[in-house]
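Letter by letter, the chains look like this.
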Amino acid sequence: FVCSCDFVAFFQSSIKGDGDVTLTDGEERYVCDSPLYLQGKPVGQVHLSVAECQQVLLVSVSCGVGLFVAILLFVLLQRLHAFWYLKMTWAWLKAKHSSRQRRRLRDDVGSEALLSFDAFVSYSERDATWVENFLVPELEEPSETDEESVDPRTSRPLILCLHKRDFLPGQWIVDNIMSAI
C-alpha cells in the first residue's frame, strides 16, 4: 500500500474500531510499499510526523514567520539608518575607485595636465561673505609682491574650488570634490 497520511490515519482508526469499516484480515497483512523509507513496515506501526502530513500548513507558517522576520529586520535596519550607511559606503567606494583611476591617468599623462584646482575650500555659510570677499581674491588674484617674486612657485596664484560656483548640480558631493581635486 501507499502509506500516505490519509491512508495511515484511516487504517489506524479502523484498527481501533473508531471508523465505520471493519477489517477482516489481520493488521499485519497490510504493509507499506512506498515511500521508500517505510517500505516493508506494517501500516499499523507507521507514525507519520505533522510535517509530512500537513505540508501546506508547514509552508504557510514558515512563510509567515519568514515574512515577519524580514519586516522586523527591515524596520530595525531603517531605525539604525543602515541604508544610509550603505549608500554612503557605496559613494565612498565609487569615489575611491575614480580617484585611483584619475591617479593612474595622471601618472601616465603627467600630473599638471589633469589638475583642475589647487585646493578645495570647505566653509560654513556663516563664513561665506569672508571667503568670497577676502580669501578668494587674496589667493586667486596675483598681488604686486607676487609679480616681483623670484621663486616661480609662489608667483602663481592658486585656483580654488568653491562649491557654490564649481560643483555640478545633481552630483554627489563626494564625487564633485573628487573630480575637482
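Since this is a predicted model, take the numbers as computed values, not measurements. Every chain begins its residue count from 1, and numbering advances along the sequence as written. Where totals are concerned, whole chains, interfaces and linings use all residues; where local detail is concerned, this predicted model gives features only for residues with pLDDT of at least 70, and gives and counts side-chain atom pairs only at 80 or more. Side-chain numbers here rest on the full set of heavy atoms in the structure, without hydrogens or water.

Is there a simple way to explain the overall build of the chain in this structure?
To qualify as a helix, a DSSP run of H or I must reach at least 4 residues; to qualify as a strand, a run of E must reach at least 2; elements of each kind are numbered from the N terminus. A tally of helices and strands in the chain yields 10 helices and 2 strands. Scored against the burial criterion, the 181 residues of the chain give a buried share of 16%. The criterion used for residue contact is that any of the two residues' heavy atoms lie within 4.5 Å. Sequence-distant contacts, at least 24 apart, represent 55% of the contacts inside the chain between residues at least 6 apart. About 13,900 Å² of surface is accessible on the chain, with carbon and sulfur atoms providing 60% of the total. Summary of the burial criterion: residues with accessible area below 20% of their type's maximum are buried, those above 50% are exposed, and those between are partly exposed, where the area comes from a 1.4 Å probe applied to protein chains only. What sets the accessible areas is the Shrake-Rupley method with a 1.4 Å probe; for residues, cover comes only from the shown protein chains.

Can you help me understand a nonpolar patch on the surface in this one?
Side chains of Leu57, Val61, Val65, Phe68, Val69 and Leu72 sit close together on the surface and give an oily, nonpolar patch of about 580 Å² of accessible area. Within the secondary structure layout, leucine 72 lies in helix α3 (residues 55-79). Classification of leucine 72 by relative accessible area gives exposed; the value is 51%. What makes a patch is a set of residues exposed beyond 30% relative accessible area and free of salt bridges, joined within 9 Å when like-charged and within 5 Å when nonpolar (Val, Leu, Ile, Met, Phe, Trp, Tyr). Salt bridge, as used here, is a side-chain nitrogen of Lys or Arg placed within 4 Å of a carboxyl oxygen of Asp or Glu.

How do you make sense of the state of the cysteines when you look at a structure like this?
Here a disulfide denotes one covalent bond, and it connects the sulfur atoms of two cysteines. Any cysteine sulfur atom paired with another within 2.5 Å is treated as part of a disulfide. The tally for this structure, following the rule as stated, stands at 1 disulfide. The disulfide partner of cysteine 5 is cysteine 53, and the S-S distance across this bridge is 2.2 Å. Note on the cysteine 5 and cysteine 53 pair: the S-S dihedral is about -95°, so by sign convention the disulfide is left-handed. Taken together, the residues cysteine 5 in helix α1 (residues 5-16) and cysteine 53 in helix α2 (residues 50-53) connect sequence positions 48 residues apart. Residue cysteine 5 is classed as partly exposed on the basis of its relative accessible area of 21%.

Just to check I follow, could you spell out the pattern of salt bridges for this structure?
Side chains that differ in charge, positive against negative, can pair when their charged atoms come close. Scanning all chains against the criterion turns up 4 salt bridges. With its nearest N and O atoms 3.3 Å apart, the salt bridge here joins lysine 164 to glutamate 132. In this pair, lysine 164 sits in helix α9 (residues 163-166) while glutamate 132 sits in helix α6 (residues 128-140), placing the two residues 32 residues apart along the sequence. A residue is classified by how much of its surface remains accessible, and glutamate 132, at 36% relative accessible area, is partly exposed. Notably, a salt bridge pairs glutamate 140 with arginine 165, separated by 2.4 Å at the nearest N-O pair. Here the residue glutamate 140 occupies a position in helix α6, and arginine 165 occupies one in helix α9, the gap between them amounting to 25 residues. What makes glutamate 140 partly exposed here is its relative accessible area of 21%. Connected through salt bridges with shared partners, the residues Glu125, Glu132 and Lys164 form a single ionic network.

Is there a simple way to explain the side chain of aspartate 175 in this structure?
Secondary-structure assignment places aspartate 175 in helix α10 (residues 173-180). We count Lys and Arg on the positive side and Asp and Glu on the negative side, and we leave His and both chain ends out. For the buried aspartate 175, which has no salt bridge, the nearest side chain bearing the opposite charge is lysine 94, at an N-O separation of 4.2 Å. Once residues within four sequence positions are removed from consideration, aspartate 175 is found in contact with Lys94 and Ala95.

How should the UniProt feature "transmembrane region" (unreviewed entry) in the chain be read in this particular structure?
Under the present numbering, the feature "transmembrane region" (unreviewed entry) in UniProt falls on residues 56-77. Split by type, residues 56-77 is 100% helix and 0% strand. Its first and last C-alpha atoms lie 31 Å apart. UniProt positions are given in the numbering used here, feature names are shortened, and annotations may be inferred rather than shown by experiment.

Please explain unusual backbone geometry as it appears in this structure.
Most peptide bonds are trans, and most residues other than glycine sit at a negative phi. A positive phi angle is found at histidine 81, which is not glycine, with a value near 60°. In this fold, histidine 81 is placed in the loop between α3 and α4 (82-109).

Would you mind going over α6 with me for this structure?
Helical geometry note: an α-helix holds 3.6 residues per turn, so side chains three or four residues apart project in the same direction. A residue's bend is the angle separating two fitted axes: one through the seven residues that end there, the other through the seven that start there. The sharpest bend along α6 measures roughly 25° and falls at phenylalanine 134, with the proline proline 137 sitting one to four residues further on. Those residues of α6 that fall on the buried side of the exposure criterion are Ala128, Val131, Leu135 and Val136.

I keep staring at the packing of aromatic side chains and nothing clicks. Help me out?
A ring pair, where both rings are aromatic, is described by two values, the distance of the centres and the angle of the planes. The pairing test for Phe, Tyr and Trp rings, Trp by its six-membered ring, is centres within 6.5 Å, and the orientation test on the planes gives stacked under 30 degrees, edge-to-face over 60, and tilted for anything in between. Taken as a whole and judged by the stated rule, the model has 4 aromatic pairs. A ring pair is formed by phenylalanine 74 and phenylalanine 83, whose centres lie 5.4 Å apart and whose planes are at 40°; its orientation type is tilted. Considering the side-chain rings of phenylalanine 120 and phenylalanine 167, the 5.7 Å spacing of their centres and the 5° angle between planes classify their relative orientation as stacked. You can see phenylalanine 120 sitting in strand β1 (residues 119-120) and its partner phenylalanine 167 sitting in the loop between α9 and α10, a full 47 residues away along the chain.

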